[in-house]
Structure formats: C-alpha cells, structure tokens
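These are the residues of each chain, in order.
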Amino acid sequence: MVLRREPTARQVRLGVELRKLREAAGLTAREAAALLGTGRVQISHIESGLTGVSEERLRRLASHYACTDEKFIDALVAKATDRTRGWWEEYRGLLPTPFLDLAELEYHATFLHEVAILYVPGLLQTEDYARAVFSSRIPELTHEELELRVCHRLRRQQVTRPYEFVIHESALRFRVSDRTASQAQLAKVLELSDADNITVRVIPFDLDGFATASSTMTYVGGPHLRLDTVVRDAPHGSVFLDSEAQLNAYRTRFRKVEAVSLDPERSRDFIHELAKEL
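Residues numbered from 1 in each chain as written. Predicted model: local features only at pLDDT ≥ 70, side-chain atom pairs only at ≥ 80, totals over all residues. Heavy atoms only, no water.

### A word on the pattern of salt bridges
Oppositely charged side chains can pair when the atoms bearing their charge come close.
Point 1. Overall, the coordinates contain 22 salt bridges when judged by the stated rule.
Point 2. Close ionic contact of Arg156 with Glu106 constitutes a salt bridge, the shortest N to O distance being 2.7 Å. On the criterion of sequence distance, the pair formed by Arg156 in helix H8 (residues 143–156) and Glu106 in helix H6 (residues 97–108) is long-range, its members being 50 residues apart.
Point 3. A relative accessible area of 2% places Glu106 in the buried class.
Point 4. A salt bridge links Arg201 to Glu164, with the shortest nitrogen-to-oxygen separation between them at 2.8 Å. One end of the pair, Arg201, is in strand S3 (residues 198–203); the other, Glu164, is in strand S2 (residues 163–168), with 37 residues separating them in the sequence.
Point 5. Take Arg201: its relative accessible area is 17%, and that puts it in the buried class. (Salt bridge = Lys/Arg side-chain N within 4 Å of Asp/Glu carboxyl O. Helix = DSSP H or I, 4+ residues; strand = E, 2+ residues; numbered from the N terminus. Buried < 20%, exposed > 50% of the residue type's maximum accessible area, 1.4 Å probe, protein only.)

### A word on the packing of helix H4 (residues 55–64) against helix H5 (residues 70–81)
Point 1. Contact geometry for H4 and H5: axes closest at 10 Å, N-to-C directions at 150°. Comparing the axis directions of H4 and H5 gives the class roughly antiparallel. Regarding H4 and H5, the two cross each other, and that crossing is right-handed. In this structure, H4 uses Glu55, Leu58, Arg59 and Ala62 to contact H5, whose residues at the interface are Glu70, Ile73, Asp74, Leu76, Val77, Ala80 and Thr81.
Point 2. Residues that form the contact of H4 with H5 fall into these classes: 6 nonpolar, 1 polar and 4 charged. (Axes fitted to C-alpha atoms, helices over the stretch in contact; angles between N-to-C directions. Parallel < 35°, antiparallel > 145°, perpendicular 65-115°, else oblique. Left-handed = near helix turned anticlockwise from the far one by under 90°. Contact = heavy atoms within 4.5 Å. Nonpolar A, V, L, I, M, F, W, Y, C, P; charged D, E, K, R; others polar.)

### Examining a nonpolar patch on the surface
Point 1. A cluster of nonpolar residues, Leu118, Tyr119 and Phe174, forms a patch on the protein surface that exposes about 300 Å² of accessible area.
Point 2. Tracing the backbone through its elements, the reader meets Leu118 in the loop between strand S1 (111–116) and helix H7 (127–135). (Patch = residues over 30% accessible without salt bridge, like charges linked within 9 Å, V, L, I, M, F, W, Y side chains within 5 Å. Areas by Shrake-Rupley, 256 points an atom, 1.4 Å probe, with all protein chains shown as cover.)

### Considerations on the pairing of strand S4 (residues 217–221)
Point 1. Summarising burial for S4: 5 of the 5 residues are buried, a large majority.
Point 2. Both faces of S4 are covered, namely the face carrying Met217, Tyr219 and Gly221 and the face carrying Thr218 and Val220.

### Here we look at the side chain of Ser238
Point 1. Checked against the element boundaries, Ser238 lands in strand S6 (residues 237–241).
Point 2. A distance of 3.5 Å separates polar atoms of two side chains, one belonging to Ser238 and the other to Asp233.
Point 3. Residues in contact with Ser238, not counting those within four places in the same chain, are Pro98, Val231, Arg232 and Asp233. (Polar contact = N/O pair within 3.5 Å; in protein donor to acceptor, adjacent residues only side chain to side chain.)

### Digging into H4
Point 1. Residues of H4 that are buried: Leu58, Leu61 and Ala62. Buried residues of H4, seen end-on, are gathered within an arc of 100° and therefore sit on one face of the element.
Point 2. If you follow the buried residues of H4, they end up packed against helix H1 (9–24), helix H2 (29–36) and H5.
Point 3. Positioned one or two residues after H4, Ala66 has a phi angle of 60°, which is positive. (Arc of directions from axis to C-beta.)

### Digging into unusual backbone geometry
Point 1. Residue Pro139 is reached from Ile138 by a cis peptide bond, and omega for that bond is 0°.
Point 2. Locating Pro139 in the fold gives a position in the loop between H7 and H8.

### Regarding the environment of Arg13
Point 1. Mapped onto the elements, Arg13 comes out in helix H1.
Point 2. Accessibility expressed as a relative area gives 6% for Arg13, which makes it buried.
Point 3. Separated by 48 residues in sequence, Arg13 and Leu61 have C-alpha atoms that sit 16 Å apart.
Point 4. Setting aside residues no more than four positions away along its own chain, Arg13 makes contact with Lys79, Arg226, Leu227, Asp228, Thr229, Asp242 and Leu247.
Point 5. In terms of polar contacts, Arg13 uses its side chain to reach the side chain of Thr229, at 2.9 Å.

### What to know about the pairing of S2
If a strand is regular, its side chains alternate between the two faces of the sheet.
Point 1. The buried fraction of S2 is high, at 6 of 6 residues.
Point 2. Taking every second residue as pointing to the same face, both faces of S2 are buried, with Tyr163, Phe165 and Ile167 on one and Glu164, Val166 and His168 on the other.
Point 3. Bridge count between S1 and S2: 5 bridges; the pairing is parallel. Residue pairing for S2: His113 is matched across the bridge by Glu164.
Point 4. Where S2 and S3 come together, 6 bridges link them in parallel fashion. (Pairing = 2+ DSSP bridges.)

Shown next, in the form of structure tokens:
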C-alpha cells in the first residue's frame, strides 16, 4: 500500500487511538501484527496515520485489544472509512497544513466551544477584520498569502454545527483596524448570535471570578467523548490536544468560563451598548 506523504490530523488521530488501545491491552506492535498476519511495520504505519486500515481489520484489532465500547469502535470505523474530500483540499500546498486540519476538524465536529480573549473568533469575523488580523503577522505575508488566508477563514464559516462562543470584552474592544471595521464586526457578532446554532456569551472587564478560568481555546466535540479535540493557537500554528487528561482539563476550564459569563440575552445587550460607544 502506498504511504501517505502527509496524513491529516484526522488520520493521525485514528492511529493514535488505535495505539492507545494496543498499549492498554499490553501488546507490542509485533504482537498486534501477528494477530492480523502482517508485519510490525504495517502496524507502525497504521498507528502513525501513514496508511489506512479497513473496517474488518480495525474491528479485529479492537476485539484483540478487548475494547468493548461499541460506540467508540463505530466512531473509529467511521474515521477509517470516511472518504470525504472537503473544500479545504483546494488549499493543500497553498496554506500550512494546520489550516486544512482545522477546517476538516470543524467539518466533522458535533459541536464547538470557543473562548476568545484578544480577538473575535475566526468563525465570527468579517472579511475586513480577518484581513487586518492576518496583516499583522510577522513576518509579513505576501498579498497572495494574505488573500488565501482570508478566503479560507471565510469559507470555514459555512459550517452549521452548534457553536458556543465566550468572548471577553477585550476582544470586542480591541481595534485590529479602524472604528468602521470595529462597528461592522460588532454588528456581525450580533447578527450571527441570532442563528439557531450559535450562542454568544460575553465576559465584561468588571465581572468577578474570571482570573483563574481565563484561557483562549477551541473545544471541538467528536462523534464520541473520547474523540474530542482541543485546539490551541501557538506562534508556529495550531496545536491539537487529545489526551484524556487534557480533554478533562479543558472541559472543566470551559465550564468555569461559561459559569462566570453573561447569559446570551445580557450579552447581546452588552454588545449593543458597546457598539454605541464606538
């Protein structure tokens, strides 16, 4: 089988979960390979996402690994057999891979929770706001690179999964461009907050109880609790976190942030008043 030159984050995640199951069963890659009648290298390639695995082989491995969570196994099978070629593939070779991985992750998500501290979340940004954000990058982007990133960000906004955004007042006040762009951005946040699948909550500066819960994050729900993912922005690009300990920590972190934020109705009133100040 031809090896993938650059597996996607989704393909890598499937391999990671299979490796976790094997290690939990106390088996080496060589022992797992023997159960399938293949070689250790083949198991290594599957677990690194460099090659796929059929449904029949995946279910055999799960059985050998004594995994009895049928819903989890079905979710892994869905990952293994999915042949979706999404719109983001148009950008392969044009944008850094994490941009494509994020779009694919959002496409397959069951829900998204986001906490924004400095910037309005990308899924709520206007074109002018997104262009201003990318224009501030160091080193500077070429015009072509800039426009590709803006176009990609706007296309990500087509996803209709349930979203809950918790946005700090600092992100709403921070002018990445000028007054006109800020006014348009607040208007778009208000407009999108009316959508059935979008919930917007605000954390004002003067709200108590926020210091220990502050952290920019995106929590992406998977088809199974064990397949959730946390996305963190870093100077070199997005980082995907998926260990059980990390997921538990960020679930708790989001609950804390949500608990101290304004409810959706009060949040809309707050944004309306803020827009009047501009």
